[in-house]
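Structural overview
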Amino acid sequence: MNDTALQSSPITLDRRLVLGELDYQVTAFPTDDHRIDLCIVSSDGDGHVVSEISGGISPADLPTLTDVLTSTLAGLIAMTQPPPSPVPSGPPPDRRDRHPNQGARWTTADDERLIARHRAGARPRELMAEFGRSDGGIRARLEILGELPPSGRRRFAGESPAGGPPAGAGSAAASTESAG
């Protein structure tokens, strides 16, 4: 709205909003110096004033002032809120208690002991307790070590069921490289 429109049609805004326990009264009206006087008053259920802000605004400045007030008020909210709770690091305590070695690297000694215990017929629960790992972790390691067949492992085109390159792939690749 420009100054001419403001003078020719005086705007008066009188609005009441109730949000939660607070009652907001918003009043805006034109002034003789071509500005808008704005007053916002909030009061509690007993009628006591909680907040009050007022001032004169140039109609041309309304869009910019809207952005300024929005960012300023957002900053004030952030400054007056309690700091967020720290984000816990690591897995939840109940998971760490159940599998204390979850995510830890397997050592050569662990691999040798796992193979020996598996071949001796140790049950999955025994291996889980002994190695401090989940059943999936034990199974995955036994698959990597070749003690168990892959279970549901995704195969890529041309890959043999054992997970290696298909038979004869090495010689075909060598002949392609030498030809190129």
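Above this text sits the structure in question.
The rules behind the values
Residues numbered from 1 in each chain as written. Predicted model: local features only at pLDDT ≥ 70, side-chain atom pairs only at ≥ 80, totals over all residues. Heavy atoms only, no water. Buried < 20%, exposed > 50% of the residue type's maximum accessible area, 1.4 Å probe, protein only. Helix = DSSP H or I, 4+ residues; strand = E, 2+ residues; numbered from the N terminus. Arc of directions from axis to C-beta. Contact = heavy atoms within 4.5 Å. Phe/Tyr/Trp six-rings, centres within 6.5 Å; stacked < 30°, edge-to-face > 60°. Lys NZ or Arg CZ within 6 Å of the ring centre and 35° of its normal. Pairing = 2+ DSSP bridges. Axes fitted to C-alpha atoms, helices over the stretch in contact; angles between N-to-C directions. Salt bridge = Lys/Arg side-chain N within 4 Å of Asp/Glu carboxyl O. Core = buried A, V, L, I, M, F, W, Y, C linked by side-chain atoms within 4.5 Å. Polar contact = N/O pair within 3.5 Å; in protein donor to acceptor, adjacent residues only side chain to side chain.

**So, helix α6 (residues 135-144)**
Among the residues making up α6, those that are buried are I138, R141 and L142. The arc that holds every buried residue of α6, seen down its axis, measures 100°, which confines them to one face. Residues of α6 that are buried make contact with α4 (108-119) and α5 (124-131).

**Description of the packing of aromatic side chains**
Summed over all chains, the structure comprises 1 aromatic pair. Note that R133 overlies the ring of W106, its terminal NZ or CZ placed 3.9 Å from the centroid.

**A closer look at the pairing of strand β3 (residues 36-43)**
Relative to β3, strand β2 (residues 22-30) runs antiparallel, the two being bridged by 8 bridges. Each bridged residue has a counterpart across the sheet, and for V26 the counterpart in β3 is I40. If you look at the hairpin formed by β2 and β3, you'll find 5 residues sitting between the two strands, and H34 has a positive phi there, around 65°. Counting the residues in the hairpin turn of β3 and strand β4 (residues 49-57) gives 5 residues, including G47, whose phi is positive at 90°.

**Remarks on the environment of L114**
Position of L114 among the secondary structure elements: in helix α4. Taking the C-alpha atoms as reference points, L114 and I138, separated by 24 residues in sequence, lie 8.4 Å from one another.

**Thoughts on the sheet that holds strand β1 (residues 13-19)**
Read across the open sheet, the 4 strands follow the order β1-β2-β3-β4; overall the sheet is antiparallel. The open sheet has two edge strands, β1 and β4, and neither has a second partner. Between one strand axis and the next, the sheet turns by 10° as a mean value, whatever way the strands run.

**Digging into the pattern of salt bridges**
The final tally for this structure, using the stated rule, is 9 salt bridges. One salt bridge in this structure joins R16 and D23, with 2.9 Å as the shortest N-O distance. Residue class for R16 comes out exposed when judged on its relative accessible area of 55%. Owing to a relative accessible area of 19%, D23 belongs among the buried residues under this scheme.

**Re the nonpolar core**
Core analysis: the largest hydrophobic core is formed by 9 residues, namely W106, L114, A122, L127, M128, F131, I138, L142 and L148. Every element with two or more residues in this core is listed here: α5 and α6. When residues in this core are grouped by element, the largest group, 3 residues, is from α5. What M128 contacts, discounting residues up to four positions off in sequence, is H99, R133, S134, D135 and I138.

**What about the pairing of β2?**
Bridge count for β1 against β2 is 7 bridges, and the pairing is antiparallel. Among the inter-strand pairings, V18 is bridged to a residue of β2, identified as D23. Connecting the antiparallel pair β1 and β2 is a turn made up of 2 residues, with G20 showing a positive phi of about 65°.

**Focus: the environment of D44**
Summarising the element assignment, D44 is placed in the loop between β3 and β4. Between the alpha carbons of D44 and Y24 there is a distance of 9.1 Å; along the sequence they are 20 residues apart. Beyond its immediate chain neighbours, meaning those up to four positions away, D44 contacts E21, L22 and V50. Side-chain polar atoms of D44 contact the backbone nitrogen of D46, separated by 3.0 Å.

**Quick notes on the side chain of R141**
Examined against the element boundaries, R141 turns out to sit in helix α6. Among the residues examined, R141 registers a relative accessible area of 18% and is labelled buried. Among the polar contacts listed, one links the side chain of R141 to the side chain of D111, at a separation of 2.8 Å. Setting aside chain neighbours within four positions, we find R141 in contact with W106, D111 and L114.

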